[in-house]
Amino acid sequence: MIGRLNHVAIAVREIAKAARVYREMLGADVSAVVPQPEHGVSTVFVTLPNTKIELLEPLGEDSPIAKFLDRNPDGGIHHVCYEVDDIRAARDRLLAHGARVLGDGEPRIGAHGKPVLFLHPKDFCGTLVELEQA
Ligand code: CO
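The notes below deal with the structure included here. (Residues numbered from 1 in each chain as written. Predicted model: local features only at pLDDT ≥ 70, side-chain atom pairs only at ≥ 80, totals over all residues. Heavy atoms only, no water.)

## Some thoughts on the environment of Ala66
If you trace the backbone, Ala66 turns up in helix α2 (residues 66–71). On the basis of relative accessible area, Ala66 is assigned to the partly exposed category, the value being 29%. Put simply, Ala66 and Val84 are 18 residues apart on the chain and 28 Å apart in space, counted from C-alpha to C-alpha. (Helix = DSSP H or I, 4+ residues; strand = E, 2+ residues; numbered from the N terminus. Buried < 20%, exposed > 50% of the residue type's maximum accessible area, 1.4 Å probe, protein only.)

## Digging into the nonpolar core
Judged by nonpolar contacts, the single largest core of 24 residues is most densely connected at Val46, Leu55 and Leu131. Contributions of two or more residues to this core are made by β1 (5–11), α1 (15–25), β4 (41–47), β5 (52–58), β6 (76–84), α3 (87–96), β8 (115–119) and β9 (129–133). With four residues, the top contributor of residues to this core is α1. Those residues in contact with Val46 that lie beyond four places of it in its chain are Tyr22, Ala28, Asp29, Val30, Thr51, Lys52, Ile53 and Leu55. Val41, Leu56, Ile65 and Leu69 belong to the second largest nonpolar core, which has seven residues in total. (Core = buried A, V, L, I, M, F, W, Y, C linked by side-chain atoms within 4.5 Å. Contact = heavy atoms within 4.5 Å.)

## Side note on the pattern of salt bridges
Summed over all chains, the structure comprises six salt bridges. As a salt-bridge pair, Asp92 and Arg91 come within 3.1 Å of each other at their nearest N and O atoms. A salt bridge links Arg108 to Asp104, with the shortest nitrogen-to-oxygen separation between them at 3.4 Å. Residue Arg108 shares its accessibility class with Asp104, and that shared class is exposed. When salt bridges that share partners are traced, they join Arg88, Arg91, Asp92 and Glu106 into one network. (Salt bridge = Lys/Arg side-chain N within 4 Å of Asp/Glu carboxyl O.)

Shown next as structure tokens:
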């Protein structure tokens, strides 16, 4: 069912510093900082030949990554995102297998303008999983 690895998201406290690490030390193709107030994060997109890395920094009061950074003060891998052809069909299959879909179960428009869902880490090997409509 799942297809390509769309991105790996890494939560950081200082996104400018993290962007420099990827641009200068790792020599990657790194975007400017993009504030996404509707998602409570600022993002930097690192484009690799076969996937992307997204650097996430908290933005605003109720950032969804604030608690994660409290637990992981040095930052860390926050989620992985897999592409699916049909996000509602994927959701229904997962629900039928007993997996927990976060929120109200309806896909939301994610950081790339496509429908996404998040799946409970306890059902997926301790990793928060994002599904994105390909
Ligand atoms: Co993501």
